[in-house]
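# A structural walkthrough
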Amino acid sequence: MFKNISIQQVILLLTASLTGVIVLILLVFMTLGYLFVSSGLVWLIFITCLLLVNYIISKIIIENFVFRRIILIYKMIHTSQRTVREMKEDKLIHKSILSVKNDVVKWVEEKQLQIDQLTENEVYRRSLLGDISHELKTPIFSIQGYLFTLLDGGINDESINMKYLRRATANLNRLEKIVRNLETVHDFEMHKIELRKTPFDLKELIDEVIEDHMIMSDKHNVKLALKVGASKSYTVLADKERIRQVLNNLIANAIKYGIKDGLTTIGSYDMAEYVLVEVSDDGIGIEEEHLKYLFDQFYRVDKSRDRESGGSGLGLAIVKQILDAHDETISVRSTVGEGSTFAFTLKKR
Ligand code: ADP
């Protein structure tokens, strides 16, 4: 009932109550014969003065014990000096207790949201640091092992010297790839990468990328081809080299996580202003629970197996960053044992 009452109204209510109580007491005294006032004018002047005095007393009480505390609350929830000054001067006195409560609840909710976000960021930052050090540690320790063995005399052992040097080099290359990928992720996050959008023929690019992956697909016994009925030519507007990077990554993954004698196809579909590009494989597939994390940095479905295949879990994160920078979208659908399809859009010219 009193929730919608403003501070000004509280002052008036207190004034009326105080005056009422005093008048009631005086009436009781008059009935008992202790007091006698016959003139209506005297009553009128008396009650007017009483109202005035009670108003001043109520205002002082409410201002000191309620209003100042509410101002303190507003000082806490508003960071701008001006807002607090404005509040103090006129608005606050007419604000209802309910709306003061709502303002505070809103502030608490906003703060809670910020705290949740910061906690999430902190957890992410910590796990990211762990992931980075873990990724770097593996090749560094391998290189260290091979070099120490060679220094300990292995260099003169014909059966291992070249083999260990090659392995150390392979790990160095892996290390370089991780650092380069990390640099790309960082540059995208800091908006340091500028896209060079130009119109280009999408089919031509897909053909080039397929050609570049022929050796890899032969090695894995995976057939790589354009999707039948979805290989029309489209001119799209995007950064060609970045889109090449996207296709390289998706096709390499399709081959890497494909099955022996499997098939990887690349198709493009007309979607009015956009073209939908799909890279599909009939490989191992991905369980549903992993799909939403797939584009996170360092996320791998099967950490030990995926590391063996040379991945660091940064490829799809970069793919997503590139498409985000183009204001395009990427999605994935997959069934374990049947295969996966990664689909992304590109704007037609
Ligand atoms: P990686 O360099 O480890 O391959 P990515 O970011 O490219 O990293 O991929 C993240 C993870 O997603 C991979 O480790 C793998 O587990 C899974 N993945 C990606 N593409 C496929 C695919 N076509 N089929 C099955 N799993 C895939």
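Above: the structure in question.
This text gives an overview of the structure that appears in the document. All values reported here derive from a predicted model rather than from experimental measurement.

## Let's talk about the overall build of the protein chain
What the protein chain contains, in helices and strands, is eleven helices and seven strands. The C-alpha radius of gyration of the protein chain comes to 37 Å, more than 25% above the 20 Å expected for a compact globule of 349 residues. Overall, the protein chain is about 125 × 60 × 40 Å in size when its C-alpha atoms are taken along their principal axes. For the protein chain, the residues scored as buried account for 35% of the 349 residues in total. When contacts within the protein chain are restricted to residue pairs at least 6 apart in sequence, those whose partners lie at least 24 apart make up 73%. For the protein chain, the exposed area adds up to about 21800 Å²; of that, 60% sits on carbon and sulfur atoms. Positive and negative side-chain charges in the protein chain, numbering 45 and 46 respectively, have mean positions lying 7 Å apart.

## Concerning the packing of helix α2 (residues 40-77) against helix α4 (residues 97-151)
Contact geometry for α2 and α4: axes closest at 11 Å, N-to-C directions at 25°. Classed by the angle they form, the pair α2 and α4 counts as roughly parallel. Here α2 and α4 pass one another in a crossing that is left-handed. Contacts from I70, I73, Y74, M76 and I77 of α2 reach α4 at S99, V100, D103, V104 and W107. Class assignment of the residues belonging to the contact of α2 with α4 gives a composition of eight nonpolar, one polar and one charged.

## A short note on unusual backbone geometry
For D261, which is not glycine, the phi torsion reads 65° and is therefore positive. With respect to the helices and strands, the residue D261 is situated in the loop between α8 (240-256) and β4 (262-271). Classification of D261 by relative accessible area gives exposed; the value is 60%. Even without being glycine, F298 reaches a positive phi, approximately 65°. Relative to the elements of secondary structure, F298 occurs in the loop between α9 (288-291) and α10 (303-308). Its relative accessible area of 3% is what places F298 among the buried residues.

## As for the packing of aromatic side chains
Two aromatic rings are characterised by how far apart their centres lie and by the angle between their planes. Tallied over the full model, the rule gives five aromatic pairs. A ring pair is formed by Y293 and Y299, whose centres lie 5.5 Å apart and whose planes are at 35°; its orientation type is tilted. Assessed through its relative accessible area of 34%, Y293 is described here as partly exposed. Owing to a relative accessible area of 22%, Y299 belongs among the partly exposed residues under this scheme. Note that K347 overlies the ring of Y274, its terminal NZ or CZ placed 5.2 Å from the centroid.

## Notes on helix α5 (residues 161-189)
The periodicity of an α-helix, 3.6 residues per turn, causes residues three or four places apart in sequence to face the same way. Between the first and last C-alpha of α5 there are 42 Å, a value that for 29 residues agrees with the 42 Å anticipated at 1.5 Å per step. Turning to α5, its buried residues number three or more, namely N161, Y164, A168, N171, R174, L175, I178, N181, T184, V185, D187 and F188. Following α5 by one or two positions, H191 has its phi on the positive side, about 55°.

## Regarding the side chain of E328
Structurally, E328 can be placed in the loop between α11 (315-325) and β6 (330-335). Here E328 is buried and forms no salt bridge, its nearest opposite-charge partner K197 lying at an N-O distance of 6.4 Å. In this structure, E328 is in contact with Y274, L323, T345, L346 and K347, ignoring residues within four places of it in sequence.

## Let's talk about the nonpolar core
I243, L247, L250 and F344 are the most contacted members of the largest nonpolar core, which totals 42 residues. In terms of residue count, the dominant contributor to this core is α8 (seven residues). Counting only domains with at least three residues in this core, you end up with domain 2 (121-189) and domain 3 (197-347). Setting aside residues no more than four positions away along its own chain, L250 makes contact with V279, L316, V319, I330, F342 and F344.

## Focus: the side chain of S334
For S334, the position within the fold is in strand β6. Of note is the side chain of S334, whose polar atom sits 2.8 Å from the backbone nitrogen of I286. Within the structure, the side chain of S334 is placed 2.9 Å from the side chain of S340, a separation counted as a polar contact. The contacts of S334, once residues within four sequence positions are left out, are G285, I286, L291, G339 and S340.

## As for the packing of α8 against α11
Relative orientation of the contacting elements α8 and α11 amounts to 145°, with a least axis distance of 9 Å. Both α8 and α11 take part in a crossing whose hand is left-handed. Residue-level inspection shows R242, I243, Q245, V246, N249, L250 and N253 of α8 in contact with α11, the latter providing G315, L316, I318, V319, I322 and L323. Here the residues of the contact of α8 with α11 sort into eight nonpolar, four polar and one charged.

## Section: the sheet that holds β4
If you trace the five strands from one edge of the open sheet to the other, you get β2-β4-β5-β7-β6, paired in mixed fashion. Of all strands in the sheet, those with a lone pairing partner are β2 (222-226) and β6, marking the two edges. Across the sheet, the mean angle separating the axes of adjacent strands is 15° when strand polarity is ignored. Taken together, the eight bridges between strand β5 (residues 274-281) and strand β7 (residues 339-347) define a ladder with antiparallel strand orientation. The partner of V277 across the bridge, within β7, is F344. Sheet strands in contact with helix α6 (residues 202-212) are β2, β4, β5 and β7, and its direction is about 165° off that of β2.

Rules and cut-offs
Residues numbered from 1 in each chain as written. Predicted model: local features only at pLDDT ≥ 70, side-chain atom pairs only at ≥ 80, totals over all residues. Heavy atoms only, no water. Helix = DSSP H or I, 4+ residues; strand = E, 2+ residues; numbered from the N terminus. Rg over C-alpha atoms; globule rule 2.2 N^0.38 Å. Buried < 20%, exposed > 50% of the residue type's maximum accessible area, 1.4 Å probe, protein only. Contact = heavy atoms within 4.5 Å. Areas by Shrake-Rupley, 256 points an atom, 1.4 Å probe, with all protein chains shown as cover. Lys, Arg positive; Asp, Glu negative; His and termini not counted. Charge placed at Lys NZ, Arg CZ, Asp CG, Glu CD. Axes fitted to C-alpha atoms, helices over the stretch in contact; angles between N-to-C directions. Parallel < 35°, antiparallel > 145°, perpendicular 65-115°, else oblique. Left-handed = near helix turned anticlockwise from the far one by under 90°. Nonpolar A, V, L, I, M, F, W, Y, C, P; charged D, E, K, R; others polar. Phe/Tyr/Trp six-rings, centres within 6.5 Å; stacked < 30°, edge-to-face > 60°. Lys NZ or Arg CZ within 6 Å of the ring centre and 35° of its normal. Expected span 1.5 Å × (residues − 1). Salt bridge = Lys/Arg side-chain N within 4 Å of Asp/Glu carboxyl O. Core = buried A, V, L, I, M, F, W, Y, C linked by side-chain atoms within 4.5 Å. Domains from an automatic or database assignment. Polar contact = N/O pair within 3.5 Å; in protein donor to acceptor, adjacent residues only side chain to side chain. Pairing = 2+ DSSP bridges.

On their own, these measurements won't tell you what the molecule is for.
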